[in-house]
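# Summary of structural features
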Amino acid sequence: MCGIIGYTGSENVKEILLDALELLEYRGYDSAGIAVRSRGMQQVSVYKCAGRVSDLREVCAQAGSGTERVPGSPGQNDGAFARTAGCGIGHTRWATHGGVSDANAHPHQVGAVTLVHNGIIENYRELIADYDLEGDLVSDTDTEVAAALLNRFYEGDPHEAIRKTVAKLRGTFALVVMFADQGDVIYTTRNVSPVVATLCDQGAMLASDLTALCRFTNRYFVVPEYHILELRSDAVRLTDFDGNEVEPEYLTADWELNSAGKNGYPFYMEKEIMEQPQAIADTIEERVLGGLPDFSADGVPDELFTDCERICIIACGTARHAGLVAQALVKSILHMHIEVEMASEFMYSDPVIDQKTLVLAVSQSGETIDTLEAVKYARRRGAKCLSVINVRGSSIARESDYVLYTNAGPEIAVASTKAYTTQLAVFYLIVARMALLRGVFTTEETQSYIRELQRTPDAIGEVLKKKRDIHVVAGKLLGAKDLFMVGRGLDYSILLEGSLKLKEVSYIHSEAYASGELKHGPIALITQDTPVVASVTQEKLMSKELSNIKEVRSRGADVVIFIKESIAGSLEEEYELIKLPDMRDEFMVMPASAALQLLAYYVSSDKGFDVDKPRNLAKVVTVE
Ligand code: AGP
């Protein structure tokens, strides 16, 4: 998963590309590069390097002064850098094929072709052999092979060369191309890997996702697979592979322009944690009519909820953890069969899927390929798919029968926070709707449930006011190498997500464990050097959870308990507590999750890490 940008227009190309790459850097950040052609100039100059976009800016600044040969570029260093109109493409990389190096950074330039790519060309070795491309290559990436093949096929007609090249590629790709003799025109084509585009006042733009476009416009279209889009400064032209012109299907993002900035926070993660009350309210309120959950504006029919006999949730990572909470709600309220499937395992686990199965796919980006392929598999088996997605028009949304969008706005930090709690908000609405339709809840019971859901933004707001107390607890975990998070039932589900947050931004080996299971082995790992974080929010489980906490305490562990305020009693005489605002047990997930997000955030930021871009990770996983 990489960040791709293309621009042609009257603005300063270099700045447009570099600014966009900074917004896209969350998609991958081990190297970066741009290729630009100033208006009226023949030459396409490439500037690239291992490192962050900030390093690339430095490279470009030196190149602009004409003083330094730019590392990793094929040698063009025109000095008269593009400070004016023209066109260009850019890329920020999450390495798949080929290590992190200047030479492996994109763009790749072979002959008349300069391109950037997001995806994986699975048959690149065969292509090198079949077309004797070895001599054209200077990097060890699959992308450069695509560039070399495209150059081999290029005889002056970009469409013909692109079609011939794509016909030979196996794998996933979003290719963005400049041809040496095609002036300020940029071409793109894709298979699975996402590309969105727009024509706006500043010119024509394309990118891996909306984040890079929403500075200029909230109108965009998704480039359909196996089509060719031409970007000119004053026009876009979309054609299918038979050469038929196709009208782009414009969408409107519900994001404010410039909402993808940090608004003064040090990291996107903190900003997005703080945005949760509003994001949850935005997700709930438009779906509550007369105090009852209502999906008519989303076009989701009631039959979807009344006709199904079982539910299958498919997701990855944090989205799957939201599914685990939904599973607990469905079992306890609807008494229905429900599985939560790890998308990457789903197709290989012989899942029992049929026409009576309602598949709920959950994805913030809507581009996670594991989830996308699992949805396609389930639908081929007759299941109806309702997806819970944050990015409109994304691949999973387009593959689903129905979509319920979370209104979280752009989530830039790799660690998902507001997407998770808005996914939960949608699940509470779904469960309430199903309970009403299936006669499990009366109208009054449903309204009472929805009123409690409508309290969750304020409950999270109460937690956010405790951020200093949580920061103090975080300070005690900075030196930990291993850490356990223990709880039962919903507390265990809460901690699975809290543990993933801590793992991915602080690199502490945190393990969430059902506290009743510890004594069956893992308690052997508890020493006085193993901090333990406990969650106690479920009144019916509290006594058992406290027994398990005593077990780890007696083996020397320091324990901090995130606990529902009304049941804390005199525990604060014995333990460090973070008290959480009271809600009905099943809604305690919301305040508890926000508290654990802050815990992870402060551990990471106090350790001096780049919280938004943890090592080895990327925001969108478009490789299987
Ligand atoms: C979340 O903190 C993680 N970065 C990751 O697990 C993420 O939830 C997962 O990759 C799924 O992404 P999606 O919601 O965009 O499908």
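Quick caveat, the model's predicted, so the values are computed rather than measured.

Each helix and strand counted, the protein chain has 19 helices and 27 strands in total. Over its C-alpha trace the protein chain gives a radius of gyration of 26 Å, about what one expects of a compact globule, namely 25 Å for 624 residues. With respect to the principal axes defined by its C-alpha atoms, the protein chain has extents near 75 × 55 × 45 Å. By residue count, 63% of the 624 residues in the protein chain fall in the buried class. Put simply, of all contacts in the protein chain between residues at least 6 apart along the chain, 72% involve residues at least 24 apart. When the accessible surface of the protein chain is summed, it comes to about 22200 Å², and 46% of that surface belongs to carbon and sulfur atoms. Taken as two groups, the 62 positive and 89 negative side-chain charges of the protein chain have centres that lie 2 Å from each other.

Let us now look at the state of the cysteines. For the structure on display, the rule yields 0 disulfides. Free of any disulfide, Cys49 has its nearest cysteine sulfur in Cys60, 7.8 Å distant. Of the residues examined, Cys49 reaches a relative accessible area of 4% and is grouped as buried. Unpaired in terms of disulfides, Cys200 finds its nearest cysteine sulfur in Cys214, a separation of 12 Å.

This part takes up the environment of Lys476. On the secondary structure map, Lys476 appears in the loop between α16 (467-475) and β23 (482-487). Judged by relative accessible area, which is 53%, Lys476 ranks as exposed.

Now for the side chain of His321. Mapped onto the elements of the fold, His321 is located in helix α9 (residues 317-334). Note on His321: relative accessible area 7%, which makes it buried. Setting aside anything within four residues of it in sequence, one finds His321 in contact with Tyr420, Leu496, Glu497 and Leu500.

With that out of the way, let us pick up the pattern of salt bridges. Side-chain pairing between opposite charges can occur once the charged atoms of the two side chains come close. A full pass over the atoms with the stated rule returns 34 salt bridges. Residues Lys14 and Glu15 are paired through a salt bridge, measuring 3.9 Å at the closest nitrogen-oxygen approach. For Arg237, the salt bridge is made with Glu230, and the minimal N-O distance between the two is 2.8 Å. Residue Arg237 is classed as partly exposed on the basis of its relative accessible area, which comes to 33%. Linked through salt bridges whose partners overlap, the residues forming this network are Lys14, Glu15, Asp19, Glu22, Arg57 and Arg215.

Right, let's get into the site of the ligand. Around the ligand, 14 residues are found, and the nearest of them are Ser363, Gln364, Ser365, Thr368 and Glu504. Gln364 is positioned such that a nitrogen or oxygen atom in its backbone is 2.7 Å from an oxygen atom of the ligand. Counting only elements with at least two residues in the shell around the ligand, the list comes to α9 and α17 (490-506). Within the shell around the ligand, the residues separate by chemical class into 5 nonpolar, 7 polar and 2 charged.

For the rest of this paragraph, the subject is the sheet that holds strand β20 (residues 357-363). Pairing between the strands of a sheet is mediated by backbone hydrogen bonds and can be parallel or antiparallel. With respect to topology, 5 strands assemble into an open sheet ordered β19-β18-β20-β21-β22, the strand pairing being parallel. The outermost strands of the open sheet, each flanked by one partner alone, are β19 (337-342) and β22 (402-405). When strand polarity is set aside, the average angle formed by the axes of neighbouring strands in this sheet is 20°. Both strand β18 (residues 310-315) and β20 contribute to a ladder of 5 bridges, which runs parallel. Pairing of Cys312 across the sheet is with Val359, part of β20. α9 contacts β18, β19 and β20 of the sheet and is inclined by roughly 170° relative to β19. The sheet strands contacting helix α13 (residues 418-437) are β18, β20, β21 (384-389) and β22, and the helix crosses β20 at an angle near 160°.

The next thing to look at is unusual backbone geometry. Of the consecutive residues His106 and Pro107, the connecting peptide bond is found in the cis state with omega at 5°. As for its placement among the helices and strands, Pro107 is situated in the loop between β4 (86-93) and β5 (108-110). The backbone of Val192 shows a phi angle near 70°, a positive value even though the residue is not glycine. Note that Val192 resides in the loop between β8 (186-191) and β9 (196-200). Positive phi is not limited to glycine here, since Asn616 has a value of about 70°. Looking at the element boundaries, Asn616 is found in the segment after α19 (589-606).

The buried count for β18 comes to 6 of 6 residues, which makes it a mostly enclosed element. Of the two faces of β18, the one carrying Arg310, Cys312 and Ile314 and the one carrying Ile311, Ile313 and Ala315 are both buried. Where β18 meets β19, 6 bridges bridge the pair, whose relative direction is parallel. Pairing of Cys312 across the sheet is with Glu339, part of β19. Assessed by its sense of winding, the connection that carries the chain from β18 through α9 to β19 is right-handed.

Next up on the list: helix α15 (residues 456-464). Given 3.6 residues per turn, any residue in an α-helix points the same way as the ones three and four places further on. Burial of α15 is extensive: 7 of the 9 residues sit out of reach of the surface. Of all the residues in α15, the buried ones are Thr456, Pro457, Ala459, Ile460, Gly461, Val463 and Leu464.

Turning to the sheet that holds β23, a few remarks are in order. The strand order across the open sheet formed by 5 strands is β24-β23-β25-β26-β27, and the pairing between neighbours is parallel. Because the sheet does not close on itself, it has two edges, and the strands there are β24 (509-514) and β27 (576-580). For this sheet, the mean angle separating the axes of adjacent strands, direction not counted, is 20°. Strands β23, β25 (532-536) and β26 (559-564) of the sheet are contacted by helix α18 (residues 542-553), whose axis makes an angle of about 170° with β25.

Rules used throughout
Residues numbered from 1 in each chain as written. Predicted model: local features only at pLDDT ≥ 70, side-chain atom pairs only at ≥ 80, totals over all residues. Heavy atoms only, no water. Helix = DSSP H or I, 4+ residues; strand = E, 2+ residues; numbered from the N terminus. Rg over C-alpha atoms; globule rule 2.2 N^0.38 Å. Buried < 20%, exposed > 50% of the residue type's maximum accessible area, 1.4 Å probe, protein only. Contact = heavy atoms within 4.5 Å. Areas by Shrake-Rupley, 256 points an atom, 1.4 Å probe, with all protein chains shown as cover. Lys, Arg positive; Asp, Glu negative; His and termini not counted. Charge placed at Lys NZ, Arg CZ, Asp CG, Glu CD. Disulfide = S-S within 2.5 Å. Salt bridge = Lys/Arg side-chain N within 4 Å of Asp/Glu carboxyl O. Near = heavy atom within 4 Å. Polar contact = N/O pair within 3.5 Å; in protein donor to acceptor, adjacent residues only side chain to side chain. Nonpolar A, V, L, I, M, F, W, Y, C, P; charged D, E, K, R; others polar. Pairing = 2+ DSSP bridges. Axes fitted to C-alpha atoms, helices over the stretch in contact; angles between N-to-C directions. Right-handed = clockwise from strand over helix to strand, strands pointing away.

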